Amino acid sequence: MKLELRDITKRFGALTANDRISLSVNPGEIHCLLGENGAGKSTLMNVLYGLYQADEGEILLDDVVQHFAGPGDAMAAGIGMVHQHFMLVPVFTVAENVMLGHEKTKAGVVLDLEAAREMVRTISERFGFNVDPDAVIEDLPVGVQQRVEIIKALSRDAQVLVFDEPTAVLTPQETDELMNTMRQLREDGTAIVFITHKLREVRAVADRITVIRLGKVVGEAQPTDSNEQLASLMVGRAVELTVSKGAPNLGSGALAVTGLTVLDDKGVAVVDDVSFEVRQGEILAIAGVQGNGQTELTEALMGLQPNARGSITLNGDELLGTSVRSHIEKGIGYVPEDRKEDGLVADFSITENMLLTRSYGEPFVKAGTIQRARLLEFTRDKIEEFDVRTQGPDQPAGRLSGGNQQKVVLARELSHDLSLFVAAQPTRGVDVGSIEFIHKRIVETRDSGVPVVVISTELDEVAALADRIMVMYRGKVVGIVPGNTPRDTLGLMMAGIPAEGISA
């Protein structure tokens, strides 16, 4: 089945998320939609899938104009979608999830689970998925759960499959398996739309590439184009993709974490007896698939976790059990993983956001009064230093792009006299150009003698920044390895296999 989108336009108030976007996908083709987060890729696919209605433009399947009132219409027409966040019921079996929404019954009364099981077996055998139809979803690895999503779509005779950022929660090995599955589907005649911002994946499987920037198609590219060519098309200028850094100039031990355990609300250890240290002048990157305890570990480092026990010392001073303010006063800079929720106040101006960690004393507050002229001068300096693209220091932070919001957080946190810098997902949702800038500032912080902890699910980022890498799996430390450890080894560690158990 051939898919064609003609001049699709979608607006949300004054924001035009998709601006006259056109593209086509042929049967047996993988068409990659490449662009940074916020470029409009997912909005376009949500229009295709019937979740949004286009303000202008047409969707055609085999040259016939379609009108989708909702996802049910899109699925009935042969369109399937594998979402970044799985749409599965954790306590249901694979077969129950696959039949959900188009249940088959016996005598119109009893669910025909055996028919669903047989469908899972047939599709699994056809594509080599090896999925047990009676397995419970919550007991399956993430990569297998994604196969269940694909089986769901194929069970409804999907001839056009949309993969929306499908590798966000996968290990490198699971990502490779997904790439192989996509190639198999292509050979089977399926038309595939692959949405991503990861250049490595694009070049691995795409037949054609359409690049979207700020809601518009800015060009088409070939899988043979270099990463630099693809990146410059995404950003609109030349981008340096490699991080320049020399060997670390190590000082004494600064951060020491010993026997750290964090319990969730049910009393389950989500961080389980974790120990490590970070020396002055080095970057320790904490790697792992999202949801393996990294968030809770980061919160414990910053005094944000009430259910933590063990020991966290910085230059010999115990941090565990002390307030967030005491962490700030000890010189700990912090970039949270969700800047919108935890890093900024969207309705506050850039200037007001710069004050957030300095609102109780010198140099910007005297006798309870904000020294506005001094604060404004400081903000203007940081806007220039960190290349924040803004209308001015009074612009609300929520109206900045994601990359510029992240630069505001970095400017505030790095302008302290630091004794430790903790950056969680420092480049999540920012463009390639901003990634280049952020990485450079993190390396400069390390080179100034500050111990740095980077928490990231992006292996390319981990490999680019890390002097040492600590891999977490289900709340435990699988191992701490050198920064130049091969990706394949890191991927196996992210699946819970200790480094010493991996053959060379």
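Check the entry above for the structure.
Residues numbered from 1 in each chain as written. Predicted model: local features only at pLDDT ≥ 70, side-chain atom pairs only at ≥ 80, totals over all residues. Heavy atoms only, no water.

When you look at the nonpolar core in this model, what are you seeing that I'm missing?
Leu-34, Val-94, Ile-150, Leu-161, Phe-163, Met-182 and Ile-209 are the most contacted members of the largest nonpolar core, which has 45 residues in total. If one sorts the elements of this core by residue count, helix H5 (residues 142-155) sits on top with 6 residues. Core analysis: the second largest hydrophobic core is formed by 32 residues, Leu-410, Leu-418, Phe-421 and Ala-423 among them. (Core = buried A, V, L, I, M, F, W, Y, C linked by side-chain atoms within 4.5 Å. Buried < 20%, exposed > 50% of the residue type's maximum accessible area, 1.4 Å probe, protein only. Helix = DSSP H or I, 4+ residues; strand = E, 2+ residues; numbered from the N terminus.)

Is there a simple way to think about helix H8 (residues 227-235) in this case?
One turn of an α-helix holds 3.6 residues; hence residues three or four places apart share an orientation. All of the buried residues in H8 are Leu-230, Ala-231, Met-234 and Val-235. Within H8, the buried residues cover an arc of 125 degrees as seen down the axis, which keeps them to one side. Contacts from the buried residues of H8 go to strand S3 (29-34), helix H7 (199-205), strand S11 (208-213), strand S12 (216-221) and helix H15 (432-447). (Arc of directions from axis to C-beta. Contact = heavy atoms within 4.5 Å.)

Whenever I open this one, a nonpolar patch on the surface confuses me. Can you help?
A cluster of nonpolar side chains, namely Phe-12, Leu-15, Leu-51 and Tyr-52, defines an oily patch on the protein surface of about 360 Å² accessible area. Along the chain, Leu-15 turns up in strand S2 (residues 15-25). (Patch = residues over 30% accessible without salt bridge, like charges linked within 9 Å, V, L, I, M, F, W, Y side chains within 5 Å. Areas by Shrake-Rupley, 256 points an atom, 1.4 Å probe, with all protein chains shown as cover. Salt bridge = Lys/Arg side-chain N within 4 Å of Asp/Glu carboxyl O.)

Where do I start with the environment of Gly-57 in this structure?
Mapped onto the elements, Gly-57 comes out in strand S4 (residues 56-61). Among the residues examined, Gly-57 registers a relative accessible area of 43% and is labelled partly exposed. A C-alpha to C-alpha distance of 56 Å links Gly-57 and Val-257, two positions 200 residues apart in sequence. Contact partners of Gly-57, with chain neighbours within four places excluded, come to Arg-6, Asp-7 and Ile-8.

It is not clear to me how the sheet that holds strand S1 (residues 3-12) should be interpreted in this structure. Could you clarify?
Hydrogen bonds between backbone groups are what pair the strands of a sheet, and the pairing can be parallel or antiparallel. Spatially, the 4 strands line up as an open sheet ordered S2-S1-S4-S5, and their pairing is antiparallel. Edge positions in the sheet fall to S2 and strand S5 (64-66), since each of these pairs with one other strand and no more. Taken pair by pair, the neighbouring strands of this sheet meet at an average axis angle of 30 degrees, ignoring direction. Contacts between helix H1 (residues 41-48) and the sheet are confined to S1, S2 and S4, with S1 contributing the most and set at about 115 degrees to the helix. (Pairing = 2+ DSSP bridges. Axes fitted to C-alpha atoms, helices over the stretch in contact; angles between N-to-C directions.)

Hey, could you run me through the packing of aromatic side chains in this one?
Describing an aromatic ring pair means giving the distance of the ring centres and the angle of the ring planes. The full count for this structure, using the stated rule, is 4 aromatic pairs. Where Phe-364 meets Phe-378, the ring centres are 5.0 Å apart and the plane angle is 50 degrees; that geometry is what we call tilted. Placement of Phe-364 in the loop between helix H12 (350-354) and strand S19 (365-366) and of Phe-378 in helix H13 (residues 372-385) is noted, with a sequence separation of 14 residues between them. For the pair Phe-364 and Phe-378, a shared accessibility class is recorded, and that class is buried. A cation over an aromatic ring shows up here: Lys-407 above the ring of Phe-437, its NZ or CZ 5.0 Å from the ring centre. Across from the ring centre of Phe-386, 4.2 Å away, lies the NZ or CZ of Arg-441, which sits over that ring. (Phe/Tyr/Trp six-rings, centres within 6.5 Å; stacked < 30°, edge-to-face > 60°. Lys NZ or Arg CZ within 6 Å of the ring centre and 35° of its normal.)

Please explain the sheet that holds strand S24 (residues 476-482) as it appears in this structure.
The 6 strands lie next to each other as S18-S21-S22-S15-S23-S24, forming an open sheet whose pairing is mixed. Among the strands making up the open sheet, the edge pair consists of strand S18 (332-335) and S24. Averaged over all adjacent pairs, the angle separating strand axes in this sheet is 15 degrees, with direction ignored. Pairing geometry for strand S23 (residues 468-473) and S24, over 6 bridges, is antiparallel. Among the inter-strand pairings, Met-472 is bridged to a residue of S24, identified as Val-477. Against the sheet, H15 contacts strand S15 (283-287), strand S21 (420-424) and strand S22 (452-455), and its axis sits at roughly 150 degrees relative to S22.

Everything listed here is a matter of coordinates, which is why it stays silent on function.
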